[in-house]
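# Coordinate inspection notes
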Amino acid sequence: EKYFLYGGLSAEASSRFGKEIEGGLKLFGVSWGLFPSIQAAWVMTSESWFKPNNIVNFVKVNAGFDISGNDDLDCLASRSYFGATRILNSAGGLVLSNIGNTSLQWETTQRLTAGLDANLFNNTLNVSINYFNATTDNLLSMKKLKYVGGIDRIWSNDGSLLNHGTDFSFKYRLLNAKAVKMEIGASVAH
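Just so you know, these numbers come straight off a predicted model, no measurement behind them.

### Overview of the packing of aromatic side chains
Applying the stated criterion across every chain, the model contains two aromatic pairs. Residues Phe-35 and Trp-106 carry aromatic rings whose centres are separated by 5.3 Å and whose planes lie at 80° to one another, so their mutual orientation is edge-to-face. Here Phe-35, found in strand E3 (residues 30-43), pairs with Trp-106, found in the loop between strand E6 (91-98) and strand E7 (107-120); they are 71 residues apart in sequence, far enough to count as distant. The pair Phe-35 / Trp-106 is uniform in exposure class, with both members buried. One aromatic cluster is present, built from ring pairs that chain together Phe-17, Phe-35 and Trp-106.

Listed below in structure tokens is the structure:
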């Protein structure tokens, strides 16, 4: 009840991507994205050197790292296809509607987290502080094409994104009767 370790690995495939994906695991003729995670926590108040008191009742420090994948794009983005059109309200025809990008792949986010949870003042106040730092690579985006191509945009894996911040939350137990319990809380994040 002092140390906690959690590890996970998910393997995901998506029909939204093309056949020319780099990396991943090739299995059953499909490229799979591998997304690991590891989380660790230490309950400091379970240590023998911690002396119970009325001010600090529980303190847990945690840290983790995970990689996640995103396939939120048009299901036909990796395929070239034609669409129907009407010309001068009288003739029907086909026009190129999409140029397939067969090398589309998972948008991946690597996230590092660290935090602290504490119960204070005879467990009437709970405080939580967390920090995260995330880097997204192979960002799925709509790439603008030149007019001569016949279509405006295609899906591509262009760019990266850095996102970091903190969040702070607290809950205070206003009422702790046997029949009625009431808590008030708030959180703020940046």
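Let's pick the thread back up.
### Things to note about a nonpolar patch on the surface
Together, Tyr-172, Leu-174, Leu-175, Val-180, Met-182 and Ile-184 make up a nonpolar patch on the protein surface, roughly 530 Å² of accessible area in all. Elements represented by at least two residues in the nonpolar patch include exactly strand E11 (161-176) and strand E12 (181-189). In terms of residue count, the dominant contributor to the nonpolar patch is E11 (three residues). By the secondary structure assignment, Val-180 is in the loop between E11 and E12.

### Section: the pairing of strand E5 (residues 81-87)
Here seven bridges tie E5 to E6, and the two strands are oriented antiparallel to one another. Counterpart to Phe-82 in the pairing with E6 is Leu-96.

### A short note on the environment of Phe-168
By the secondary structure assignment, Phe-168 is in strand E11. Residue Phe-168 is classed as partly exposed on the basis of its relative accessible area, which comes to 35%. Along the chain, Phe-168 and Asn-89 lie 79 residues apart, while their C-alpha atoms are 60 Å from each other. With residues near it in sequence (within four places) discarded, Phe-168 still touches Val-127, Ser-128, Ile-129, Ala-186, Ser-187 and Val-188.

About the cut-offs
- Residues numbered from 1 in each chain as written.
- Predicted model: local features only at pLDDT ≥ 70, side-chain atom pairs only at ≥ 80, totals over all residues.
- Heavy atoms only, no water.
- Phe/Tyr/Trp six-rings, centres within 6.5 Å; stacked < 30°, edge-to-face > 60°.
- Helix = DSSP H or I, 4+ residues; strand = E, 2+ residues; numbered from the N terminus.
- Buried < 20%, exposed > 50% of the residue type's maximum accessible area, 1.4 Å probe, protein only.
- Patch = residues over 30% accessible without salt bridge, like charges linked within 9 Å, V, L, I, M, F, W, Y side chains within 5 Å.
- Areas by Shrake-Rupley, 256 points an atom, 1.4 Å probe, with all protein chains shown as cover.
- Salt bridge = Lys/Arg side-chain N within 4 Å of Asp/Glu carboxyl O.
- Pairing = 2+ DSSP bridges.
- Contact = heavy atoms within 4.5 Å.

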